[in-house]
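So you can see what is in the structure, the chains are spelled out below.
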Amino acid sequence: MKIFNAAILASCLLTATPALAQTSALHGQIAKLAAQQESKVIAWRRDIHEHPELGNQETRTAALIAEQLKKMGIEVQTGVARTGVVGLLKGGKPGPVVALRADMDGLPVTESNSLPFASKARTTYNGQEVGVMHACGHDTHVAMLLGAAEVLSQMKKDLSGTVKFVFQPAEEGSLPGVVGGAKLMVQEGVLSNLKVDAIFGVHIQAQTEVGKLSYRPGGEMASSDVFTIRVKGKSAHGAYPWLAVDPVVTSAQIIMGLQTIISRQLQLTEDAAVLTVGMVHGGVRNNIIPEQVELTGTIRSLSKEMQQQIWAAVRRTATNIAESAGATAEVEIVNYAPVTYNDPRLTAQMVPSLNSAAGAANVSVQKAVTGAEDFAYYQEKIPGMFVFVGGMPKGKNPAETAPHHTPGFFVDESGLTLGVKTLATLAVDYLSAGKK
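Since this is a predicted model, take the numbers as computed values, not measurements. (Residues numbered from 1 in each chain as written. Predicted model: local features only at pLDDT ≥ 70, side-chain atom pairs only at ≥ 80, totals over all residues. Heavy atoms only, no water.)

A. Up close: the sheet that holds strand β10 (residues 223-232). What the four strands build is an open sheet, ordered β12-β14-β10-β15; its pairing is antiparallel. Two strands bound the open sheet, and with one partner strand each, they are β12 (273-282) and β15 (328-337). On average, each strand axis in the sheet is inclined to that of its neighbour by 20°, with strand direction left out of account. Across nine bridges, β10 lies against β15 in antiparallel orientation. Considered in β15, the bridge of R230 is made with E330. Contacting β10, β12 and β14 (292-301), helix α6 (residues 247-264) runs over the sheet at an angle of about 170° to β12. The strands touched by helix α7 (residues 304-324) are β10, β12, β14 and β15; relative to β15, the strand with the most contacts, the crossing angle is about 160°. (Pairing = 2+ DSSP bridges. Helix = DSSP H or I, 4+ residues; strand = E, 2+ residues; numbered from the N terminus. Axes fitted to C-alpha atoms, helices over the stretch in contact; angles between N-to-C directions. Contact = heavy atoms within 4.5 Å.)

B. Summary view of the side chain of T298. Within the element layout of this structure, T298 appears in strand β14. There is a polar contact of 3.3 Å between the side chain of T298 and the backbone oxygen of D225. Leaving out residues up to four positions away in the same chain, T298 has contacts with S224, D225, F227, V274, L275 and T276. (Polar contact = N/O pair within 3.5 Å; in protein donor to acceptor, adjacent residues only side chain to side chain.)

C. Structural context of the sheet that holds strand β17 (residues 363-365). Strand order in the open sheet formed by eight strands is β1-β2-β6-β3-β7-β18-β8-β17, with mixed pairing between adjacent strands. This sheet does not close on itself; its edge strands, each paired only once, are β1 (75-80) and β17. Direction aside, the axes of adjacent strands within the sheet are offset by 25° on average. Packing against the sheet, helix α10 (residues 416-433) makes contact with β3 (93-103), β6 (160-168), β7 (198-209), β8 (213-215) and β18 (384-392), and its axis sits at approximately 150° to β3.

D. Geometry of a nonpolar patch on the surface. On the surface, a cluster of nonpolar side chains totalling about 390 Å² of accessible area is made up of Y240, W242 and L243. Counting through the fold element by element, W242 comes out in the loop between β11 (236-237) and α6. (Patch = residues over 30% accessible without salt bridge, like charges linked within 9 Å, V, L, I, M, F, W, Y side chains within 5 Å. Areas by Shrake-Rupley, 256 points an atom, 1.4 Å probe, with all protein chains shown as cover. Salt bridge = Lys/Arg side-chain N within 4 Å of Asp/Glu carboxyl O.)

E. Spatial organisation of helix α8 (residues 344-358). Here α8 is 15 residues long and its end C-alpha atoms lie 20 Å apart, about the 21 Å a rise of 1.5 Å per residue gives. A bend of about 35° at M350 is the largest found in α8, and the proline P352 appears one to four places after it. Within the span of α8, buried status applies to L346, T347, M350, V351, S353, L354, A357 and A358. Looking at the packing, one finds that the buried side of α8 touches β7, β8, β16 (340-342), β17, β18 and α10. Put simply, D343 is the residue that caps the front of α8, since its side-chain oxygen is 3.2 Å from the backbone nitrogen of R345. Positive phi shows up at G359, right after α8, with a value of about 90°. (Expected span 1.5 Å × (residues − 1). Bend = angle between axes of the 7 residues up to and from the residue. Buried < 20%, exposed > 50% of the residue type's maximum accessible area, 1.4 Å probe, protein only.)

F. Spotlight on the packing of helix α3 (residues 59-71) against helix α4 (residues 138-153). Here α3 crosses α4 at 15°, and the two axes come no closer than 10 Å. The angle between α3 and α4 places the two elements in the roughly parallel class. The two elements α3 and α4 cross, and the hand of that crossing is right-handed. Note on element contacts: α4 touches α3 through V142, L146 and A149, opposite L64, I65, Q68 and L69. (Parallel < 35°, antiparallel > 145°, perpendicular 65-115°, else oblique. Left-handed = near helix turned anticlockwise from the far one by under 90°.)

G. How the structure looks around the layout of surface pockets. Estimates place the volume of the second largest pocket at around 240 Å³. In terms of lining residues, the second largest pocket is bounded by 14 residues, among which K304, Q307, P338, V339 and E380 are the most central. For the lining of the second largest pocket, the secondary-structure elements that each account for two or more residues are α7 and α9 (376-381). Across the lining of the second largest pocket, the residue classes break down as seven nonpolar, five polar and two charged. (1 Å grid on protein atoms, 1.4 Å probe; cavity = no way out; pocket = protein on both sides within 12 Å on 5 of 7 lines; lining within 4 Å. Points joined across faces, edges and corners; volume = space filled by probe spheres on them. Nonpolar A, V, L, I, M, F, W, Y, C, P; charged D, E, K, R; others polar.)

H. Spotlight on the environment of S114. Position of S114 relative to the elements: it lies in the loop between β3 and β4 (122-125). On a C-alpha basis, the gap between S114 and T140 in space is 18 Å, while along the polypeptide they are 26 residues apart.

I. Up close: the packing of aromatic side chains. Counted by the stated rule, this structure contains five aromatic pairs. Look at F375 and Y378: their rings are 5.7 Å apart centre to centre, the planes differ by 70°, and that puts the pair in the edge-to-face class. On the accessibility criterion, F375 (0% relative accessible area) is buried. Each ring, one from F375 and one from F386, has its centre 4.9 Å from the other, and the planes form 35°; the classification is tilted. One end of the pair, F375, is in the loop between β17 and α9; the other, F386, is in strand β18, with 11 residues separating them in the sequence. Both residues of the pair, F375 and F386, belong to the buried class. Joined through ring pairs, the aromatic side chains of F375, Y378, F386 and F388 make up one cluster. (Phe/Tyr/Trp six-rings, centres within 6.5 Å; stacked < 30°, edge-to-face > 60°.)

Following this line, the structure appears as structure tokens:
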């Protein structure tokens, strides 16, 4: 038995050695090509950063992407999910289909950075004039995926399968009642018209040093829900509150009551959760008690079970507090994105690819975060993996860097080449391993 096992082991080693050598050679080629693309990737990023566009309005960005993909000899489809772009690169050998995704939209944020390519764009959002900025790094995501497309297009004959490049609009959300982003991409068949076997995405992280990657198997980012509570009472003169059923005071009680859902009703040792009231609208004059107040906020959770528990608690808390005051409360909850869930088997399979791209010492498992990503809609349909790429200057204190979605958000561009390498390496390794 020992002799038989030794023979099998020797045979496996002999068989594996050429495959390992070939993979190592491909990784070396990726690193070389990615380094050569650095200045081009940075130029793309700066162009897109200077000209940001809100969700479903990314026409200039989409045109730039389509033009560059065509120059690479990649088949291009435009107008996907309104302004999305999909590129298709068929390798020289048969194999599975893998997708790489980047989001394209900016945010209604006025940039405070003094960069020469800082955004000066303005728009009207929710009835207010605001600036437009890539305050979450989607400009870097587009540039890194274009860089990966350039690298892989030059390795076409060595690819064992097909790569689908998904440039997605409206990750930050569409207008109320309008389906968009990843959800619409899926509905329009981005994963099914030429069936995709796995999907990968990266996200720049302004609080992580350049040169580093992080990931988490299972629930990595929270689900995101928008809730609206309409508290209806009875209007009266502010001098005679006893004639009213005051929805302002009732709303204040509801806001405080909602906080006990997180602090007293959830087992937070299992998973984190967040409930935030972000908008309160009601009244038109200081001495008039209004008839209605509207509360709007967000719910974040890391499991389906906890999400449903919070939904039920929000409805119960709002309606019962309102009833105790003689008012009524209408509760509406809309899901924006499911939990970003990294398929454990796929993640375990691809960790060596991350180690190859960044060096094992620069790859770590991170804690779950309560931010959300609509990349989760792809992961609901097929195995997917989402990875964070460091974008903070080396040696800087994360606590002193501007967070995502703020006017001072900043990315160290020296980290973009690692993003290019990571995307290309994940694609090549998945294709080389064959369908799992």
